[in-house]
Amino acid sequence: MKDFNPADKIQDLQYFGEFGGVNPSISDSSTYTFLSAKTMFDTFEGNMEGCYLYSRHSSPSNLYLDQALAAMEGTETANVSASGMGAITPTLLQLCGAGDHIVSSRTIYGGTYAFLKNFTPRFGIETTFVDITKLEIVEAAITPKTKVLYCETVSNPLLEVADIAGLAKIAKKYNLKLVVDNTFSALSVSPAKLGADIVIHSLTKYINGSSDTVGGVTCASKEFINALKNVNSGASMLLGPTMDSLRSASVMKNLRTLHIRIKQHSHNAHFLADQFEADGLKTVYPGLKSHPSHELYKKMINPEYGFGGMLTIDVGTLAKANELMELMQARNLGYLAVSLGFYKTLFSAPGTSTSSEIPLEEQKEMGLTDGLIRFSIGLDNDIQRTYEMMKACMVELGVLKVMVHGV
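Conventions adopted
- Residues numbered from 1 in each chain as written.
- Predicted model: local features only at pLDDT ≥ 70, side-chain atom pairs only at ≥ 80, totals over all residues.
- Heavy atoms only, no water.
- Axes fitted to C-alpha atoms, helices over the stretch in contact; angles between N-to-C directions.
- Helix = DSSP H or I, 4+ residues; strand = E, 2+ residues; numbered from the N terminus.
- Parallel < 35°, antiparallel > 145°, perpendicular 65-115°, else oblique.
- Left-handed = near helix turned anticlockwise from the far one by under 90°.
- Contact = heavy atoms within 4.5 Å.
- Nonpolar A, V, L, I, M, F, W, Y, C, P; charged D, E, K, R; others polar.
- Buried < 20%, exposed > 50% of the residue type's maximum accessible area, 1.4 Å probe, protein only.
- Polar contact = N/O pair within 3.5 Å; in protein donor to acceptor, adjacent residues only side chain to side chain.
- Domains from an automatic or database assignment.
- Buried area = accessible area lost by both parts, 1.4 Å probe.
- Salt bridge = Lys/Arg side-chain N within 4 Å of Asp/Glu carboxyl O.
- Pairing = 2+ DSSP bridges.
- Right-handed = clockwise from strand over helix to strand, strands pointing away.
- Core = buried A, V, L, I, M, F, W, Y, C linked by side-chain atoms within 4.5 Å.
- UniProt positions renumbered as here; feature names shortened; annotations may be inferred.

Q: Is there a simple way to explain the packing of helix 11 (residues 258-278) against helix 15 (residues 383-396) in this structure?
A: Geometrically, a packed helix pair is captured by the angle between its two axes and the distance between the axes. One can describe the packing of helix 11 onto helix 15 by two numbers: an axis separation of 10 Å at closest approach and a directional angle of 40 degrees. Judged by the angle between their axes, helix 11 and helix 15 are oblique. Read as a crossing pair, helix 11 and helix 15 show a hand that is right-handed. Each of His267, Asn268, Phe271, Leu272, Gln275 and Phe276 in helix 11 lies in contact with helix 15, whose residues at this interface are Ile383, Gln384, Tyr387, Met390 and Met394. Of the residues assigned to the contact of helix 11 with helix 15, the class counts are 7 nonpolar, 4 polar and no charged.

Q: Would you mind showing me how to read unusual backbone geometry here?
A: One can expect most non-glycine residues to show negative phi and most peptide bonds to be in trans. Going from Asn156 to Pro157, the amide bond is cis rather than trans, its omega being 5 degrees. Among the secondary structure elements, Pro157 is positioned in the loop between strand 4 (146-152) and helix 7 (164-173). With phi around 60 degrees, Asn175 is a residue other than glycine that occupies positive phi space. Mapped onto the fold, Asn175 is located in the loop between helix 7 and strand 5 (177-181). For Asn332, which is not glycine, the phi dihedral falls at a positive 65 degrees. Positionally, Asn332 belongs in the loop between helix 13 (318-330) and strand 10 (335-336). Judged by relative accessible area, Asn332 falls into the exposed class, the value being 58%.

Q: Before we go on, may I ask you to explain the side chain of Asn5 in this structure?
A: In this structure, Asn5 sits in the segment before helix 1 (6-11). Within the structure, the side chain of Asn5 is placed 3.1 Å from the side chain of Glu304, a separation counted as a polar contact. There is a polar contact of 2.7 Å between the side chain of Asn5 and the side chain of Tyr305.

Q: Quick question: what am I supposed to make of the domain arrangement of the protein here?
A: In many reports, interface size means the accessible area that the parts give up when they come together. As far as domains go, the protein holds domain 1 (6-252) and domain 2 (259-397). The distance between the C-alpha centroids of domain 1 and domain 2 comes to 27 Å. Of the residues lining the interface, 36 residues belong to domain 1; the matching set on domain 2 comes to 39 residues. Taken together, the two surfaces of domain 1 and domain 2 that pack against each other cover about 3000 Å², and 64% of this comes from carbon and sulfur. The three residues of domain 1 that bury the most area against domain 2 are Leu159, Ser188 and Tyr206, which together make up 23% of that side's buried surface. The interface formed by domain 1 and domain 2 contains 0 salt bridges.

Q: I tried to follow the pattern of salt bridges on my own but got confused; where do I start?
A: Opposite charge on two side chains makes pairing possible when the charged atoms of those side chains draw close. For the coordinates displayed, the defined rule picks out 9 salt bridges. Measuring nitrogen to oxygen at the nearest pair gives 2.9 Å for the salt bridge that ties Glu304 to Lys263. Taken as a pair, Glu304 in the loop between helix 12 (294-300) and strand 9 (310-314) and Lys263 in helix 11 lie far apart in primary sequence, 41 residues in all. Because the salt bridges share partners, they merge into one network encompassing Arg106, Asp131, Lys134 and Glu160.

Q: It is not clear to me how the pairing of strand 3 (residues 126-130) should be interpreted in this structure. Could you clarify?
A: Both faces of the sheet carry side chains from a regular strand, because those side chains alternate between them. Sheet analysis places strand 2 (residues 101-105) next to strand 3, joined by 5 bridges and oriented parallel. Residue pairing for strand 3: Val103 is matched across the bridge by Thr128. Tracing the backbone out of strand 2, into helix 5 (residues 110-119) and back to the parallel element strand 3 gives a crossover that is right-handed.

Q: Would you take a moment to explain the environment of Val395 for this structure?
A: By the secondary structure assignment, Val395 is in helix 15. Expressed as a C-alpha distance, the spacing of Val395 and Ser61, which sit 334 residues apart in the sequence, is 50 Å.

Q: Which parts of the structure should I look at to understand the nonpolar core?
A: Nonpolar side chains in soluble globular proteins tend to be buried together. Judged by nonpolar contacts, the single largest core of 83 residues is most densely connected at Leu69, Leu178, Leu311 and Ile313. Ranked by residues supplied to this core, first place goes to helix 11 with 6 residues. A domain split of this core shows at least three residues from each of domain 1 (6-252) and domain 2 (259-397). Once residues within four sequence positions are removed from consideration, Leu311 is found in contact with Leu159, Ala269, Leu272, Ala273, Phe276, Val284, Tyr285, Ile373, Arg374, Phe375 and Ile377. Of all hydrophobic cores here, the second largest spans 21 residues; its members include Ala87, Cys96, Phe115 and Val179.

Q: What is the right way to read the UniProt feature "modified residue: N6-(pyridoxal phosphate)lysine" (unreviewed entry) in the protein from this model?
A: Mapped onto this structure's residue numbering, the UniProt feature "modified residue: N6-(pyridoxal phosphate)lysine" (unreviewed entry) falls at Lys205. With respect to the helices and strands, Lys205 occurs in the loop between strand 6 (198-202) and strand 7 (216-220). With residues up to four places along the chain from it excluded, the contact list for Lys205 reads Thr183, Ser339, Leu340 and Gly341.

Q: I would appreciate a short explanation of the sheet that holds strand 5 in the present structure.
A: The strands making up a sheet associate through backbone hydrogen bonding, with each pair oriented either parallel or antiparallel. Strand order across the open sheet formed by 7 strands is 1-7-6-5-4-2-3, with mixed pairing between neighbours. Whereas interior strands pair on both sides, the edge strands pair on one side only; in this sheet they are strand 1 (77-81) and strand 3. When strand polarity is set aside, the average angle formed by the axes of neighbouring strands in this sheet is 20 degrees. Here 3 bridges tie strand 5 to strand 6, and the two strands are oriented parallel to one another. Its bridge partner lying in strand 6, Val179 is registered against Ile198.

Structure below.
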């Protein structure tokens, strides 16, 4: 990705508001007027560029954000939605119908897992969950009915790394669509440039970055996005996961600082991961040489944006994990909360929160242990101070037995 810098693509976008404002005007309308009946008919048929029909279909504010996110991911266009799941579910339902099959990573966001495991079978769509890091296992799971390969660039919550270029070759070989959730790796990785057909984000997380709204986006070809929005057969149009124009405008403003925030998130997470591992904690972070996919991820990322802001540690038991998180929250080190990308650090025990939809026996099989704590590291200015305070909490609770260094 040496010739593609997503932050530059965002920087190069320039919109003028209706009255010359530096921010594009917000279209606060649910429906739009036409000067002729013929134009209305053509718009319904999808034959009119630049005309707006009804805000469930599209709106000027949403299209501004669509264009910005498509530029960021290097796709032809995009379609924003009211949540991350509002992007994932219509995308998969547009690609698959009764009798079709999906091969998915076994370690994915709990909501996505529940959708594929419990909901899509109602429509005759079956999913095989595999270890996405083993390409031979992925290929072996493909059947004549398979239509989609689905993965996350960096998986939630185990931080496994998908070989997107390798998966893209398999997808091409079997004429499948490779769908990649890139929520954990905004700016760091550009899956479409590595061969992914469709790239999804939960805008709720890093892209918005202020934990004040939910949103999603599907970035893909014009052909696919037009199919999603088709008034007769489009899953996004007919299921209605529409993003509100005011929210689109808010996310658009926050998108402009994404490159600054991602660099700080990554810097802080890498620092803490190095310290925690040196202290003897079982630490998982793609930037550590101990991570099994470190070298692969190192080749995939735009190094300017680092290895991301997510890390995990294992403190042995759920009781100890809960005790530590409660103490860190009491010391103002962050919040015991789900989600990620906030300016403050967020921490949770995934087995009982974001991945609770996954049955306990399957959690154990994939290595999701009771004592695992997932951290979304914040934008702390003095990360050494943060580390010393976190370590003091760990020593106080016996997670760390001795003060090895740093304090």
